[in-house]
Amino acid sequence: MERNLKELVAQMTLEEKAGMCSGLDFWHLKGVERLGIPSVMVSDGPHGLRKQDESGDHLGINDNIKAVCFPPAVLSACSFDRELMHTFGDAIGKEAQAQNLSVVLGPAVNIKRSPLCGRNFEYYSEDPYLAGETAAAFIDGVQTHHVGTSIKHFAANNQEFNRMSCSSDVDERTLREIYLPAFETAVKKAHPYTVMCSYNKINGTFASENPWLLTDVLRDEWGFEGYVMSDWGAVNERVEGLKAGLELEMPTSNGINDREIIAAVKDGSLDEAVLDRAVERILRIVFLYWDNREEQEFALEADHALAKKIAEESMVLLKNDNVLPLNKNEKIAVIGEFAVKPRFQGGGSSHINSFKISSLMDALKEYENVTYIKGFSADEDCYEETLAQEALNAAKSADKVVICAGLPDSFESEGYDRSHMHLPECQNRLIHEITAVQPETIVVLHNGSPVEMPWLSDVKGLLEAYLGGQAVGEAVADILFGNVNPSGKLAETIPYKLSDNPSYLSFGDGDHVTYNEGVFVGYRYYDAKEMPVAFPFGYGLSYTTFAYSNLTLDRNNVADEDTVTVTVDVTNTGSVKGKEIVQLYVSDLTGAARRPLRELKGYEKVSLKPGETKTVSFTLDYRSFAWYHTALHDWYAASGEYEIQIGASSRDIRLSEIVHLITKKLLPIQTHLNTTLGELLSDERTAKYGLKLKKKMDAFFGGGAESDENSKGAEETTDEAVGDAMGDAIAFSMPMRGVLSFGLCTKEELQNMIDEMNQL
Ligand code: BGC
């Protein structure tokens with residue numbers, strides 16, 4: 001139905017318009033009955049519906065309707081599968097229609113800056129490209145059903161400590177390259193109906209009243225057309241927020257902030273047109289849903305099956321020394337309470353009231369040779385002699401042992417961060433003891449964020465199940481017994497220890513947290529430092545093997561407007577069907593800026609029968625090569641060479657090829673008396689001025705080997721060589737004004753040069 005929203009807004013009273021800009025209650029927007037504006041409902045969350053029917057309370061977990069808990073983001077991102085994420089979103093969209101929800105509060109795309117963040121289980125990745133692509137596919141799936149998404153938490157919300165007041169102090173380049181692109185990709189590709197701004201400040205300004213973030217970047221640059229809602233309770237100054245681009249306050253300030261808006265319009269400090277525009281934006285989305293309501297069944301069983309599929313496609317096999325898959329005839333001891341009481345989701349606002357849960361032992365009930373021994377409790381860190389002894393006895397008499405380990409609920413949740421990366425000590429101890437008596441040991445991990453693994457070299461198999469959603473047990477069983485070939489890869493690096501992480505010295509600080517590591521987050525840091533890690537980004541094993549060949553580029557010389565098509569053949573060289581995630585990284589060899597060694601710019605998941613070969617194709621554009629240049633306030637790729645790397649993980653590059661890029665983009669010339677001669681010489685437009693000054697310096701200091709006529713042809717002594725090097729170094733780092741100090745030119749001459757250069 002075509003609606004004239006401007007006309008509708010014109011009919012609303014000031015009170016009704018101000019009222020539209022905050023929630024009616026915890027989960028509803030206000031309606032205006034006399035004008036036919038419905039009161040619609042929103043609900044968490046990213047991996048299933050947390051719908052509270054009556055009065056909402058924030059953590060009223062038990063009041064939620066029975067629903068399906070799909071795998072949280074920490075796991076689903078490991079699928080590296082856009083199509084699967086789209087199907088996932090499609091199912092959530094249908095569920096939301098069945099439950100009369102206008103917007104689903106997700107996906108959550110904040111970057112995993114530290115393994116300690118309590119909400120890492122809700123976030124996709126340490127890599128913005130993967131997070132953005134994954135989110136875009138999910139959003140597109142949900143919105144197929146005209147149910148909105150709310151991509152969150154915008155932006156730089158990377159810790160829970162002081163989350164409602166802390167300022168994330170991040171430089172412009174790092175924001176643009178690491179913390180914003182997942183939002184940018186999703187907004188540009190999938191047009192989320194809403195964006196949820198975060199609680200925290202960014203460089204001192206609350207996200208909820210940040211015009212640069214909510215208007216300049218989100219709307220003007222990226223073209224966002226929906227409405228921005230606040231995270232629950234994130235509003236600081238309501239009127240400032242409205243001006244900055246925050247349309248909807250959630251949940252509600254019980255009329256207090258509505259009255260502030262009314263007063264501001266009346267006293268002229270808020271232009272009513274700003275309010276009208278906000279209301280129009282909210283109404284557009286309300287009616288987009290309302291006018292497209294669908295009859296949908298809440299298909300619990302079908303969605304449980306999808307939850308299982310997503311888990312199977314995402315779990316990551318990290319180690320397999322010929323111990324997996326298991327065979328039904330083998331005598332298997334399954335140890336650890338997680339086998340009957342799985343941890344499959346995190347705590348907080350995304351917590352789903354699952355209509356059913358399948359544990360590993362539920363899934364294995366038909367398997368006659370499998371026995372369960374508790375060994376340790378899933379809820380606490382307590383080593384119990386009797387339980388441990390039973391486990392050891394069972395381990396000795398079994399052919400193989402599967403230990404279901406993981407983090408208890410209390411170890412990680414929304415609202416607080418972890419203080420360490422350890423598993424409960426009782427589990428580490430029991431794993432050590434079991435591997436001493438039973439070498440054929442496999443560990444299955446249930447955790448929302450990486451853990452240290454002091455027993456890693458002692459176990460033969462390791463499956464990272466992360467938080468698997470309510471069908472976790474079925475997925476783990478199918479992978480362990482080879483009914484499903486694992487195909488997930490890590491969406492984050494697993495470091496050996498917490499102190500290896502780049503944010504270690506500046507995570508969770510008081511009022512301001514400074515992102516000192518800049519763009520060197522996750523593998524960008526570990527690779528640059530050549531640091532050994534337990535498992536690298538993009539890593540994951542299969543029960544088959546893959547070979548890469550025939551890397552081809554449709555062009556090697558690239559201009560700004562060109563795209564490059566990259567193709568590579570992948571062959572299944574093993575004996576079972578499997579899926580490989582092929583990754584494309586770009587490495588900047590120009591030396592124009594300090595950049596990560598490689599950055600993910602493409603990935604594809606391909607399914608192959610034994611012996612089968614498929615060609616995988618990627619498209620790169622200028623942005624794929626670029627970094628964010630703060631003098632340009634734009635993306636910039638310098639002219640020069642770039643390496644295209646095709647890998648099975650970030651540390652397993654199989655093929656590479658060079659491209660030469662020639663850019664027309666010019667950096668602004670902003671020379672001044674403190675510009676160094678080195679800077680002048682490094683830009684071909686200013687080089688002649690640099691050379692002129694350098695010659696004067698060489699004549700004075702005796703530097704510049706090539707220009708030294710007397711030494712031509714003669715052997716240079718060590719002293720002369722050192723003198724030349726030193727003379728050059730001094731000249732390169734000499735500011736233009738320094739030339740004055742040695743009486744080599746006048747200030748006027750220098751100023752003329754500067755004026756000429758700045759007009760180039
Ligand atoms: C969380 C959001 C969530 C909202 C509503 C907030 O505390 O940060 O992610 O969507 O509550 O439950």
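The model shown is predicted, which means the values in this text are computed figures rather than measured ones.

Asks: Mind laying out the overall build of the protein chain, listing which residues take part and the relevant values?
Replies: Across its full length, the protein chain carries 23 helices and 27 strands. Taken over the C-alpha trace, the protein chain has a radius of gyration of 29 Å; the compact-globule value for 760 residues is 27 Å, and the two agree within 12%. With the C-alpha coordinates of the protein chain rotated into their principal frame, the extents come out at 90 × 75 × 50 Å. For the protein chain, the residues scored as buried account for 61% of the 760 residues in total. Intrachain contacts of the protein chain at a sequence separation of at least 6 include 76% that bridge at least 24 residues. Looking at the protein chain as shown, the accessible area adds up to about 29000 Å², and 48% of this sits on carbon and sulfur atoms. Each charge class in the protein chain can be summarised by its mean position, and for the 72 positive and 116 negative side chains these summaries are 2 Å apart.

Asks: How would you summarise the domain arrangement of the protein chain if you had to cite specific residues and measurements?
Replies: Here the protein chain is partitioned into domain 1 (5-56 + 72-291), domain 2 (315-487), domain 3 (546-661) and domain 4 (677-705 + 716-758). Computed from C-alpha atoms alone, the centre-to-centre distance between domain 2 and domain 4 is 66 Å.

Asks: Any chance you could break down the site of the ligand for me, citing the residues and the numbers?
Replies: Around the ligand there are 15 residues in total, and Asp44, Arg119, His153, Tyr199 and Asp231 lie nearest to it. Within the side chain of Arg119, one N or O atom sits 2.7 Å away from an oxygen atom of the ligand. Measuring from an oxygen atom of the ligand, one finds a side-chain N or O atom of Tyr199 at 2.9 Å. Protein coverage of the free-state accessible area of the ligand, which is 310 Å², stands at 100%. A class-by-class count of the residues in the shell around the ligand yields 5 nonpolar, 3 polar and 7 charged.

Asks: Describe a nonpolar patch on the surface, and please don't skip the residues or the numbers.
Replies: A surface patch of nonpolar side chains, amounting to about 270 Å² of accessible area, comprises Phe700, Phe701 and Phe742. The topology assignment puts Phe700 in helix 20 (residues 687-701). Accessibility expressed as a relative area gives 46% for Phe700, which makes it partly exposed.

Asks: For the side chain of Glu517, give the residues involved together with the corresponding values.
Replies: For Glu517, the position within the fold is in the loop between strand 17 (512-514) and helix 17 (523-528). Under the relative-accessibility criterion, Glu517 is labelled buried at 10%. Of the polar contacts made by the side chain of Glu517, one reaches the side chain of Arg113; its length is 2.5 Å. For Glu517, the residues in contact, after removing those within four places along its chain, are Arg113, Tyr179, Pro502, Ser503 and Ser506.

Asks: With reference to specific residues and values, describe the packing of helix 20 against helix 23 (residues 747-758).
Replies: The N-to-C vectors of helix 20 and helix 23 enclose an angle of 160 degrees; their axes lie 10 Å apart at closest approach. In terms of their interaxial angle, helix 20 and helix 23 are classed as roughly antiparallel. For the pair helix 20 and helix 23, the crossing hand works out as left-handed. Taken together, the residues of helix 23 that come into contact with helix 20 (itself represented by Tyr689, Lys692 and Leu693) are Leu750, Met753, Glu756 and Met757. Split by residue class, the contact of helix 20 with helix 23 holds 5 nonpolar, no polar and 2 charged.

Asks: Can you tell me about the sheet that holds strand 4 (residues 148-154), naming the residues and giving the values?
Replies: Strand order in this open sheet of 5 strands is 1-3-4-6-9, and the pairing throughout is parallel. Where the open sheet ends on each side, the last strands, each with one partner, are strand 1 (42-43) and strand 9 (227-230). Judged from the 2 bridges that link them, strand 1 and strand 3 (residues 103-104) form a sheet pairing that is parallel. Bridge pairing in strand 3 places Val42 opposite Val103.

Asks: Which residues make up empty space enclosed by the protein, and what values go with them?
Replies: It is the rolling of a water-molecule-sized probe over the atoms that shows where space remains empty. Within this structure, the stated rule accounts for 7 cavities of 30 Å³ or more. Within this model, the second largest cavity holds a volume of roughly 70 Å³. What lines the second largest cavity is Lys112, Arg113, Ser114, Pro115, Asn120, Glu126, Pro450, Glu492, Thr493, Pro495, Asn501 and Tyr526. When the residues that make up the lining of the second largest cavity are grouped by side-chain class, the tally is 4 nonpolar, 4 polar and 4 charged.

Asks: Please set out the sheet that holds strand 23 (residues 613-620) residue by residue, giving values where relevant.
Replies: With respect to topology, 3 strands assemble into an open sheet ordered 18-20-23, the strand pairing being antiparallel. For this open sheet the edge positions go to strand 18 (546-553) and strand 23, each flanked by a neighbour on one side alone. Between one strand and the next, the sheet's axes are offset by a mean angle of 20 degrees, whatever the strand orientation. Pairing analysis gives 6 bridges linking strand 18 to strand 20 (residues 564-572), with the strands arranged antiparallel. Its bridge partner being in strand 20, Ser549 is matched across the sheet by Asp569.

Asks: Run through the layout of surface pockets, naming residues and quoting values.
Replies: Taken as a whole, the largest pocket spans an internal volume of roughly 770 Å³. Leu667, Pro668, Ser682, Asp683 and Arg685 are, among the 24 residues lining the largest pocket, the residues nearest its centre. Only strand 24 (627-629) and helix 19 (677-682) provide two or more residues apiece to the lining of the largest pocket. For the lining of the largest pocket, the element with the most residues is helix 19, which contributes 3 residues. Tallied by class, residues from the lining of the largest pocket come to 10 nonpolar, 9 polar and 5 charged. The residues that make up the lining of the largest pocket include at least three from each of domain 3 (546-661) and domain 4 (677-705 + 716-758). Considering only enclosed or pocket space, the second largest pocket measures out at about 580 Å³ in volume.

Asks: So what about the environment of Ala648? Which residues, and what values?
Replies: With respect to the helices, strands and loops of the structure, Ala648 is situated in strand 26 (residues 640-649). Along the backbone, Ala648 and Ile581 are 67 residues apart, and their C-alpha atoms lie at a distance of 6.8 Å. Not counting residues up to four positions away in its chain, the partners in contact with Ala648 are Lys489, Gly538, Tyr548, Glu580, Ile581, Gln583 and Arg654.

Asks: Explain unusual backbone geometry to me, using residue names and the numbers behind them.
Replies: The omega angle of the peptide bond from Met250 to Pro251 is 0 degrees, so this bond is cis rather than trans. By secondary structure assignment, the location of Pro251 is in the loop between helix 9 (238-244) and helix 10 (256-266). Cis geometry is adopted by the peptide bond preceding Pro325, which originates at Leu324 and carries an omega value of -5 degrees. Inspection of the secondary structure puts Pro325 in the loop between strand 10 (316-320) and strand 11 (332-335). Here the phi dihedral of Asn203 falls at roughly 45 degrees; this positive angle occurs in a residue that is not glycine. Within the secondary structure, Asn203 sits in the loop between strand 7 (201-202) and strand 8 (205-206). Assessed through its relative accessible area of 42%, Asn203 is described here as partly exposed.

Asks: Which residues make up the pattern of salt bridges, and what are the values?
Replies: In the structure shown here, the tally under the stated rule is 53 salt bridges. Between Glu414 and Arg119 there is a salt bridge whose closest N-O contact spans 3.3 Å. Here the residue Glu414 occupies a position in the loop between strand 14 (400-406) and helix 15 (425-437), and Arg119 occupies one in the loop between strand 3 and helix 5 (128-143), the gap between them amounting to 295 residues. Per residue, the accessibility class of Glu414 equals that of Arg119, and both read buried. The closest approach of N and O atoms between Asp698 and Lys694, which form a salt bridge, is 2.9 Å. Separated by 4 residues within a single helix, Asp698 and Lys694 lie in helix 20, roughly one turn from each other.

Asks: For the UniProt feature "domain: Fibronectin type III-like" (unreviewed entry) in the protein chain, give the residues involved together with the corresponding values.
Replies: Under the UniProt annotation, the feature "domain: Fibronectin type III-like" (unreviewed entry) is placed at residues 580-650. Spanning residues 580-650, this segment combines 6% helix with 61% strand, and its end C-alpha atoms are found 14 Å apart.

Asks: Outline the confidence of the model for the protein chain, listing residues and values.
Replies: Put simply, the protein chain has an average pLDDT of 95, and 97% of its residues get 70 or more. Per-element mean pLDDT across the protein chain ranges from 81 in helix 21 (residues 718-732) up to 99 in strand 10.

About the cut-offs
Residues numbered from 1 in each chain as written. Predicted model: local features only at pLDDT ≥ 70, side-chain atom pairs only at ≥ 80, totals over all residues. Heavy atoms only, no water. Helix = DSSP H or I, 4+ residues; strand = E, 2+ residues; numbered from the N terminus. Rg over C-alpha atoms; globule rule 2.2 N^0.38 Å. Buried < 20%, exposed > 50% of the residue type's maximum accessible area, 1.4 Å probe, protein only. Contact = heavy atoms within 4.5 Å. Areas by Shrake-Rupley, 256 points an atom, 1.4 Å probe, with all protein chains shown as cover. Lys, Arg positive; Asp, Glu negative; His and termini not counted. Charge placed at Lys NZ, Arg CZ, Asp CG, Glu CD. Domains from an automatic or database assignment. Near = heavy atom within 4 Å. Polar contact = N/O pair within 3.5 Å; in protein donor to acceptor, adjacent residues only side chain to side chain. Nonpolar A, V, L, I, M, F, W, Y, C, P; charged D, E, K, R; others polar. Patch = residues over 30% accessible without salt bridge, like charges linked within 9 Å, V, L, I, M, F, W, Y side chains within 5 Å. Salt bridge = Lys/Arg side-chain N within 4 Å of Asp/Glu carboxyl O. Axes fitted to C-alpha atoms, helices over the stretch in contact; angles between N-to-C directions. Parallel < 35°, antiparallel > 145°, perpendicular 65-115°, else oblique. Left-handed = near helix turned anticlockwise from the far one by under 90°. Pairing = 2+ DSSP bridges. 1 Å grid on protein atoms, 1.4 Å probe; cavity = no way out; pocket = protein on both sides within 12 Å on 5 of 7 lines; lining within 4 Å. Points joined across faces, edges and corners; volume = space filled by probe spheres on them. UniProt positions renumbered as here; feature names shortened; annotations may be inferred. pLDDT = per-residue confidence, 0-100.

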